[in-house]
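Structural overview for review
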Amino acid sequence: MVRIPGGTFRMGSDRHYPEEAPVHRVTVDPFWIDRTPVTNRQFRDFVRATGHVTVAEITPDPKDYPAALPHMLFAGSLVFSPSDYPVDLRHFSQWWAFRPRVNWRRPYGPGSSIKELDDHPVVHVAYADALAYAHWAGKDLPTEAEWEFAARGGLDQAEFAWGDEFTPGGRQMANTWQGAFPFQNTREDGYERTSPVDAYPPNAYGLYDMIGNVWEWTSDIYAPKHPADAPKACCIPENPRGAREVESYAPCEPGIKIPRRVLKGGSHLCAPNYCRRYRPAARHPQPVDTSTSHVGFRCIIRERRAP
């Protein structure tokens, strides 16, 4: 783990997606954070030690999904599949599919495995799985503010975790999508899907993969925008903990009350023509019951305040 000194910074962005605004000052206390996302090797050790069964391996309870037809309720997870041609980017069903028997051990379905992927980030983990691992390890999941402060590496309001240029000197700094999403991946960074967690340079705090590779769970309940900036320095929020659960429900699914948590960091599917969220300020809502082939996590340990 790496110790992050804490401090006050300007969180969010007014230049990109509306959910990142407004920029506002936030203070976080010092904490320790994992140098990399949790890997398949680490998660396997956890499962062997505890017998943990992930959400993707459990058939959903019909009571939680009153509108779902019985044949739609099966154990599985969301998997990305590239299209063969340009598609309407408003409809993510063109590249996402919920598939049975997909989980962290079989990230692309029956016949796939994590053999030779020990150093890649674990995926197909829902929020409860990430939290269970964190508690087993004597850690916790970061808040959105803690995660963003660490990702910035001391570069307050820089566009990226390494500065303001996406590919300085033509160098790929993170595992993102090159080409036209979702059908053309030129793989200029050398990877089609996930990559080893230390494949790209760390930020100034020595943290790897804070941008790209996989989205990462935070503990914060999602709200569609940030709170306004404090009018006075004495009013700056300290260690904020997100919104109320009711604010996070998906408005397009009024019958389903599944909380959504904040994801940070973007993934290998973020592309210039779609989802330019490979930035510290970027954020995305994720239902707590949903796992995918591009979401993982890392853990923190908070330093106790002196009495």
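Residues numbered from 1 in each chain as written. Predicted model: local features only at pLDDT ≥ 70, side-chain atom pairs only at ≥ 80, totals over all residues. Heavy atoms only, no water.

Some remarks on the packing of aromatic side chains
The test is simple: Two rings belonging to Phe, Tyr or Trp (six-membered ring only in the last case) form a pair when the distance between their centres is within 6.5 Å. Interplanar angles under 30 degrees mark stacking, angles over 60 mark edge-to-face geometry, and anything in between is tilted. Whether a residue is buried, partly exposed or exposed follows from its accessible area with a 1.4 Å probe, protein chains only, as a fraction of its type maximum: under 20%, in between, or over 50%, in that order. Charges are assigned to positions over rings by a cutoff of 6 Å between ring centre and Lys NZ or Arg CZ, combined with an angular limit of 35 degrees from the ring normal.
Under the defined criterion, the tally for this structure stands at 24 aromatic pairs. Ring centres of W177 and F181 lie 5.0 Å apart, and the angle between their planes is 75°; this geometry places the pair in the edge-to-face category. Like F181, W177 is buried. Taken together through their ring pairs, the aromatic side chains of F43, F46, W104, Y133, W136 and F297 make up a single cluster. Sitting over the face of the ring of Y17, R277 holds its NZ or CZ atom 3.7 Å from the ring centroid.

Let's talk about the packing of helix 1 (residues 40-50) against helix 2 (residues 127-136)
Quick reminder of the rule: What counts as an axis is a line fitted to C-alpha atoms, over the stretch in contact for a helix, and the angles between N-to-C directions run from 0 to 180 degrees. Numbering of helices and strands starts at the N terminus; helices are DSSP runs of H or I of at least 4 residues and strands are runs of E of at least 2. Roughly parallel means an angle under 35 degrees; roughly antiparallel, over 145; roughly perpendicular, 65 to 115; everything else is oblique. Working rule for contacts: check all heavy atoms of both residues, and any pair within 4.5 Å makes them a contact. Each residue is assigned to one of three groups, with Ala, Val, Leu, Ile, Met, Phe, Trp, Tyr, Cys and Pro labelled nonpolar, Asp, Glu, Lys and Arg labelled charged, and all others, Gly among them, labelled polar.
Interhelical geometry of helix 1 versus helix 2 gives an angle of 80° and a closest axis separation of 11 Å. As judged from the angle between their axes, helix 1 and helix 2 are roughly perpendicular. Residues Q42, F43, D45, F46, A49 and T50 of helix 1 form the contact with helix 2, whose own contacting residues are D129, A132, Y133 and W136. Of the residues in the contact of helix 1 with helix 2, the class split is 6 nonpolar, 2 polar and 2 charged.

Section: helix 2
Selection rule: To obtain the arc, one takes the directions from the helix axis to the C-beta atoms.
Looking only at helix 2, the buried set comprises Y127, D129, A130, Y133 and A134. Projection of helix 2 onto a plane perpendicular to its axis shows the buried side chains occupying an angular sector of 165°, all on one side. The secondary structure elements touched by the buried residues of helix 2 are helix 1, strand 7 (215-221) and strand 8 (260-264). Following helix 2 by one or two positions, G138 adopts a phi angle in the positive range, close to 75°.

Some points on the sheet that holds strand 9 (residues 283-287)
Filter applied, for reference: Whether two strands pair depends on DSSP finding at least two bridges between them.
The strand order across the open sheet built from 4 strands is 9-8-7-10, with neighbouring strands paired in mixed fashion. The open sheet has two edge strands, strand 9 and strand 10 (295-296), and neither has a second partner. Relative to strand 10, strand 7 runs parallel, the two being bridged by 2 bridges. Across the sheet, E216 pairs through a bridge with G296, a residue of strand 10.

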